[in-house]
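# A look at the structure
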Amino acid sequence: MRTLLIKNARCIATFDHADAGMAREWRDASLFVRGHRIEAIGPVADLPQTADEVIDARGHLVMPGLINTHHHMFQSLTRAISQVQNAELFGWLRGLYPIWVGLTPEMIYVSTQIAMAELLQSGCTTSSDHLYIYPNGVRLDDSIEAARDIGMRFVASRGSMSVGQSQGGLPPDRVVENEDAILKDTQRLIESWHDASHGAMVNVAVAPCSPFSVSRDLMRQSALLARSHEVRLHTHLAENDHDLAYSREKFNCTPTQYAQDLGWLGHDVWHAHCVKLDDAGISLFAATRTGVAHCPCSNMRLASGIAPIRKMLNAGVSVGLGVDGSASNDAAHMVNEARQALLLARVGRAMQAPEVRTDAHGQQRTFFGCDLGPAEMTARDALSLATQGGAQVLGRSDIGHLAPGMCADLALFDLNALGFAGGAVHDPVGALLLCASPQAAYTVVNGRVVVRQGQLTTVDLGPLIERHNHLAQQLAQAAA
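Now for a quick tour of the structure. In this text, all values refer to a predicted model and were calculated from it rather than measured experimentally.

The rules we used
- Residues numbered from 1 in each chain as written.
- Predicted model: local features only at pLDDT ≥ 70, side-chain atom pairs only at ≥ 80, totals over all residues.
- Heavy atoms only, no water.
- Salt bridge = Lys/Arg side-chain N within 4 Å of Asp/Glu carboxyl O.
- Phe/Tyr/Trp six-rings, centres within 6.5 Å; stacked < 30°, edge-to-face > 60°.
- Buried < 20%, exposed > 50% of the residue type's maximum accessible area, 1.4 Å probe, protein only.
- Helix = DSSP H or I, 4+ residues; strand = E, 2+ residues; numbered from the N terminus.
- Lys NZ or Arg CZ within 6 Å of the ring centre and 35° of its normal.
- Axes fitted to C-alpha atoms, helices over the stretch in contact; angles between N-to-C directions.
- Parallel < 35°, antiparallel > 145°, perpendicular 65-115°, else oblique.
- Left-handed = near helix turned anticlockwise from the far one by under 90°.
- Contact = heavy atoms within 4.5 Å.
- Expected span 1.5 Å × (residues − 1).
- Core = buried A, V, L, I, M, F, W, Y, C linked by side-chain atoms within 4.5 Å.

## What about the pattern of salt bridges?
The final tally for this structure, using the stated rule, is 23 salt bridges. Within this structure, Arg139, Asp141, Arg158, Glu177, Asp185 and Arg188 form a network of salt bridges that share partners.

Structure (structure tokens):
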């Protein structure tokens, strides 16, 4: 088997503990890979000195590859479109549905590779994608083939929309599908592509889009189908106030009650956003081990609000990070997403209502959010969401931290870069989020170097960007 040696790293942060602050951080260390698995981590002198490929990691931070738990990669074609730059969720969707109806199989393939190229260059090694619109012969296979060709570990979520405007849904009727056809195609994809083995490069998930675009019956049938094949379930839930109001008006319940009634809670389920998850919902998610994909940039971009992530974590909810669609972020940079999770959590704490407490001398004092104690989230907490948290949400025990036997999914960052000057000398791990968000120097997926010295090794990026820009213009012009 081919071997890879990451040698003389300034710091190897393993994130191998449930408490990120307790995870081992090796200084002046090496990491040895055989095949697709990590074989050893430790002091330079204790590890092999040669391998089929050796990366001199002097001055670099080495950490687990980052994990993106929610994305809509096709939206790379419509980011920064002027008519929805200032819209909230429902208005944003209404403005984009008429454009997305023109999507083609080539557009899906190319936009998926563009999104994955961005992710890989930011140190992300595993990504889910939620494709829920299938016009003009588009298939989820187009995304899966793009992931295979670029070399990214992939959770392909077969999304769907079946309730159009004529039935009280949000999407126009021309972008929805027949429910029997949805279920049949989902089963085909699971049987064709899903791999449950250690180091699997493709998983398939079952993912009806949202409460405002599919029927309750499709939600129930999707859950039954997923569990009969032992694959995971994914959808959007409680994203903003309009989402909340829709559930109350149409179903006379909260989003969490809606999910519970339809069998959409459990260790095999993860929901995107959950910005408006209330205390009862958080408790139910924790009790059922239901996961959450936290998308801070998108939640800010669409003015959805601040998800109560600290409450979720304290209750025991599994939380990962997601960049969400590239038209609602409008980027796919996982280090920056972790940085925004850190900063938004701290802003949210500062905005908490003041509390009146009695101090040690019996005097009443008013405390504001920023005075109530330790920071809402640390840099290591946020990076933990982006690594081991993401692995838990996606149901993967073979990725998310560094240890012998784990998949060799790695991200290396050059601590001598300008953005780290004066920061990495104090704390190389904390500096990754507290300084400017960097690109990865190297990204390794399943033991294969797919980014080397900041450049993709698997695709020629120049022609890909050129083709993507042409298709983006073509898509917008067709809608106009």
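## Re the packing of aromatic side chains
This structure, assessed with the given rule, holds 9 aromatic pairs. Ring centres 5.9 Å apart and planes at 75° place the aromatic pair Trp92 and Trp100 in the edge-to-face group. By the burial criterion, Trp92 is buried, and Trp100 matches it. Between Phe212 and Tyr246, the aromatic rings sit 6.2 Å apart at their centres with planes inclined by 80°, giving edge-to-face as the arrangement. Here Phe212 is found in the loop between strand S9 (202-208) and helix H5 (216-229), whereas its partner Tyr246 is found in helix H6 (residues 241-251), with 34 residues between them in sequence. Every member of this aromatic cluster is reached through a ring pair, and the members are Phe74, Trp92, Tyr97, Trp100 and Tyr132. Geometry around Tyr134 places Arg158 over its ring, the cationic atom sitting 4.0 Å from the centre.

## Side note on helix H3 (residues 140-150)
Given 3.6 residues per turn, any residue in an α-helix points the same way as the ones three and four places further on. Burial runs high along H3: 8 of the 11 residues are buried. Among all positions in H3, only Leu140, Asp141, Asp142, Ser143, Ile144, Ala146, Ala147 and Ile150 are buried. Taken from the residues just after H3, Gly151 is the one with a positive phi, measuring 95°.

## Some words on the packing of helix H2 (residues 105-121) against H3
Direction vectors running N to C along H2 and H3 enclose 40°, while the axes themselves pass 8 Å from each other. Classed by the angle they form, the pair H2 and H3 counts as oblique. H3 is crossed by H2, and the crossing has right-handed handedness. When H2 is examined against H3, the residues Pro105, Ile108, Tyr109, Thr112, Gln113, Met116, Ala117 and Leu120 are found in contact with a partner set consisting of Asp142, Ser143, Glu145, Ala146, Ala147, Asp149 and Ile150.

## Details of the packing of H2 against helix H14 (residues 461-479)
Across the interface, H2 lies against H14 with an axial gap of 10 Å and an inter-helix angle of 130°. Taken together, the axis directions place H2 and H14 in an arrangement best described as oblique. When you trace H2 past H14, the crossing you get is left-handed. Contacts between H2 and H14 involve Glu106, Met107, Val110, Ser111, Gln113, Ile114, Ala117 and Gln121 from the first element and Leu461, Leu464, Ile465, Arg467, His468, Leu471, Gln474 and Leu475 from the second.

## Some details on helix H12 (residues 379-393)
Here H12 spans 20 Å end to end across 15 residues, near enough to the 21 Å set by a 1.5 Å rise per residue. At the C-terminal side of H12, Gly395 shows a positive phi close to 70°.

## Re the side chain of Asp398
When you line up the elements, Asp398 lands in the loop between H12 and strand S16 (410-414). On the accessibility criterion, Asp398 (4% relative accessible area) is buried. Those residues within four positions of Asp398 in sequence are excluded, and the remaining contacts are Ser197, His198, Gly199, Ala200, Met406 and Cys407.

## Let's talk about the nonpolar core
Judged by nonpolar contacts, the single largest core of 124 residues is most densely connected at Met63, Trp92, Leu93, Trp100, Leu103 and Met312. In terms of residue count, H2 provides more of this core than any other element does, 9 residues in total. With 22 residues, the next largest nonpolar core counts Ile6, Leu31, Met406 and Tyr442 among its residues.

## Some thoughts on the environment of Asn314
Looking at the secondary structure, you find Asn314 in helix H10 (residues 309-315). In this structure the C-alpha to C-alpha distance between Asn314 and Ala196, which are 118 residues apart in sequence, comes to 30 Å.

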